[in-house]
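Here are the chains, one letter per residue:
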Amino acid sequence: MIKLFQIFLVNCPLLFVFSTFDAQYPADQIHQDLVRNIDNQWPHVYEVLAQYTNEERQQIALRYKGTYGEELRDLLLRRVQHKEVFLGLIDKPAKYDASLLRDAVYRPGTDEDVLIEIFITRKYEEIMEIRKEYQETYGTDLYNDLDDDLSGMFKYFIFSIAGYNENRVSDDSTDLVEATREALNLMNPYNTTQCICLLSSLNLDQLWLIFDEYQKLSNQPIETLLNNEPDDDLRSGFLQIVKVVRDTPKYFAEKLYNAVAGFGTDNDALSRIIVTRSEIDLPEILREFEKQPWKMTLREAIVEDTTLNFKFALLGFLDHYHGRTMVHA
Ligand SMILES: *[C@@H]1O[C@H](CO)[C@@H](O)[C@H](O)[C@H]1NC(C)=O
């Protein structure tokens, strides 16, 4: 605790401003800006909101409603494109994730990539919380919806990592003997079921050890084995888990890179990743991003590829959140 406090002091001299958090001041600032800018462009609103944690933003929104009688959420969502980033600013993380999953399931053609990303990077308890929010918001059970929408081995995979089989324990102790045994099992001919069972345990440290043992025993990286999977979505899911295990910030940096590089911009992925990682590992992700084969920072890419409130909101997260992430890391 003391160590974190010192790190924070060094990195964020504004500590004392935040330690006496009062939702009234930002609520008033936001109101002034909303009233003043009748053109519906609010750079300062996002600058203000991004300086606070998600929990504090909840309080700001409550205070806003108390003082000015309007839902901040509705105000911000009015006339904006790419609503994800705005929902991410206002909603609790679990509710936000629930909305992402809802979109992934209900849009024409399931977005497998979003399902994979959310289920492999959220903890078991977080998934339970998301399921609760999903039920409260949409009135249906997340697992029922997934059950209707998915099929085959990919469904089995998603349900396994979602903790349905309860083999997904929140235990990060490691066991070398067990890792060696698992790695030896993988030496047999490729077996889809076996790989799903193994990868869905999601004890990242233990998986890291198993991958390491496998490499020693077989002289090839685990990716070579997993590339035997014929189903595209399943193979993609497996390889994404390996990336998360090896280096989670790098996994997200690569996804951001894919979102902005090349033709067009994947605005959904861009806002989803920036918002959901903002209080977890965004600074590390940005550092990794700069190692990508591109002479551009993520900030520059956003300035170039996005416009108006969407741009202000994303830049708010990048520019104003920086110092604060340290204390949550
Ligand atoms: C694949 O693995 C599963 C679970 O480990 C096992 O039950 C099944 O018999 C294996 N299949 C083959 C063809 O070895």
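Just so it is clear, the structure is predicted and the values come from calculations on it, not from any experiment.

## Quick notes on the overall build of the protein chain
No. 1: When you go through the protein chain residue by residue, the secondary structure sums to 23 helices and zero strands.
No. 2: In the protein chain, which comprises 329 residues, the share counted as buried stands at 35%.
No. 3: Considering only intrachain contacts with a sequence separation of at least 6, the fraction spanning at least 24 residues in the protein chain is 71%.

## Observations regarding unusual backbone geometry
No. 1: Although it is not a glycine, N219 sits at a positive phi angle of roughly 65°.
No. 2: Along the polypeptide, N219 turns up in the loop between α15 (204–218) and α16 (222–226).
No. 3: On the basis of neighbour count, N219 is assigned to the exposed category, with 8 C-beta atoms found within 10 Å.

## Thoughts on the site of the ligand
No. 1: The environment of the ligand is made up of N191, T193, Q194 and C197.
No. 2: Here the shell around the ligand is built from residues that sort into one nonpolar, three polar and no charged.

## Details of the environment of D148
No. 1: Of note, D148 is situated in helix α11 (residues 142–149).
No. 2: It is 9.4 Å that separates the C-alpha atoms of D148 and V105, two residues lying 43 residues apart in sequence.

## Quick word on the environment of E182
No. 1: With respect to the element layout, E182 can be found in helix α13 (residues 176–185).
No. 2: A C-alpha to C-alpha distance of 9.9 Å links E182 and L209, two positions 27 residues apart in sequence.
No. 3: Among all residues touching E182, those that are not within four sequence positions of it are L198 and I210.

## What about the packing of helix α8 (residues 93–106) against helix α10 (residues 124–138)?
No. 1: Running from N to C, α8 and α10 point in directions that differ by 70°, and their axes come no closer than 8 Å. Judged by the inter-axis angle, α8 sits roughly perpendicular to α10. Across the interface between the two elements, A94, K95, D97, A98, L101 and R102 of α8 pack against E126, E129, I130, E133, Y134, T137 and Y138 of α10.
No. 2: Among the residues making up the contact of α8 with α10, the classes are represented as six nonpolar, one polar and six charged.

## Describing the nonpolar core
No. 1: Among the nonpolar cores identified, the biggest contains 81 residues, and L101, F119, I158, L256, L270, A313 and L314 are the most heavily contacted of them.
No. 2: Shared between two domains, this core takes at least three residues from each, and those domains are domain 1 (2–90) and domain 2 (176–246).
No. 3: If sequence neighbours within four positions are ignored, L101 has contacts with I118, I130, Y134 and L142.

## Structural notes on the packing of helix α12 (residues 152–161) against helix α17 (residues 232–246)
No. 1: Running from amino to carboxyl end, α12 crosses α17 at an angle of 30°, the nearest separation of the two axes being 8 Å. In this view, α12 runs roughly parallel relative to α17, as classed from their interaxial angle. Mapping the contact onto sequence places M153, F154 and F157 in α12 and D233, L234 and G237 in α17.
No. 2: Per-class residue counts for the contact of α12 with α17 are four nonpolar, one polar and one charged.

## Digging into the confidence of the model for the protein chain
No. 1: Overall, the prediction assigns the protein chain a mean pLDDT of 85, with 87% of residues at 70 or greater.
No. 2: Predicted confidence for residues 1–18 stays below pLDDT 50, and this span has 12 contacts to residues more than four positions away or in other chains.
No. 3: A low-confidence stretch, residues 322–329 (pLDDT under 50), is modelled with 18 contacts involving residues beyond four sequence positions or located in other chains.

## Regarding helix α22 (residues 308–320)
No. 1: The end-to-end C-alpha distance of α22 is 17 Å, a good match for the 18 Å that 13 residues give at a rise of 1.5 Å each.
No. 2: Of the positions making up α22, those classed as buried are N309, F310, F312, A313, L314, G316 and F317.
No. 3: Elements in contact with the buried residues of α22: α4 (43–50), α7 (83–90), α19 (267–277) and α21 (298–305).

## Re the environment of L204
No. 1: Counting through the fold element by element, L204 comes out in helix α15.
No. 2: It is 8.1 Å that separates the C-alpha atoms of L204 and V244, two residues lying 40 residues apart in sequence.

Scoring rules and cut-offs
Residues numbered from 1 in each chain as written. Predicted model: local features only at pLDDT ≥ 70, side-chain atom pairs only at ≥ 80, totals over all residues. Helix = DSSP H or I, 4+ residues; strand = E, 2+ residues; numbered from the N terminus. Buried ≥ 20, exposed ≤ 12 C-beta atoms within 10 Å, placed from the backbone. Contact = placed C-beta atoms within 7 Å. Near = placed C-beta within 6 Å. Nonpolar A, V, L, I, M, F, W, Y, C, P; charged D, E, K, R; others polar. Axes fitted to C-alpha atoms, helices over the stretch in contact; angles between N-to-C directions. Parallel < 35°, antiparallel > 145°, perpendicular 65-115°, else oblique. Core = buried A, V, L, I, M, F, W, Y, C linked by C-beta atoms within 7 Å. Domains from an automatic or database assignment. pLDDT = per-residue confidence, 0-100. Expected span 1.5 Å × (residues − 1).

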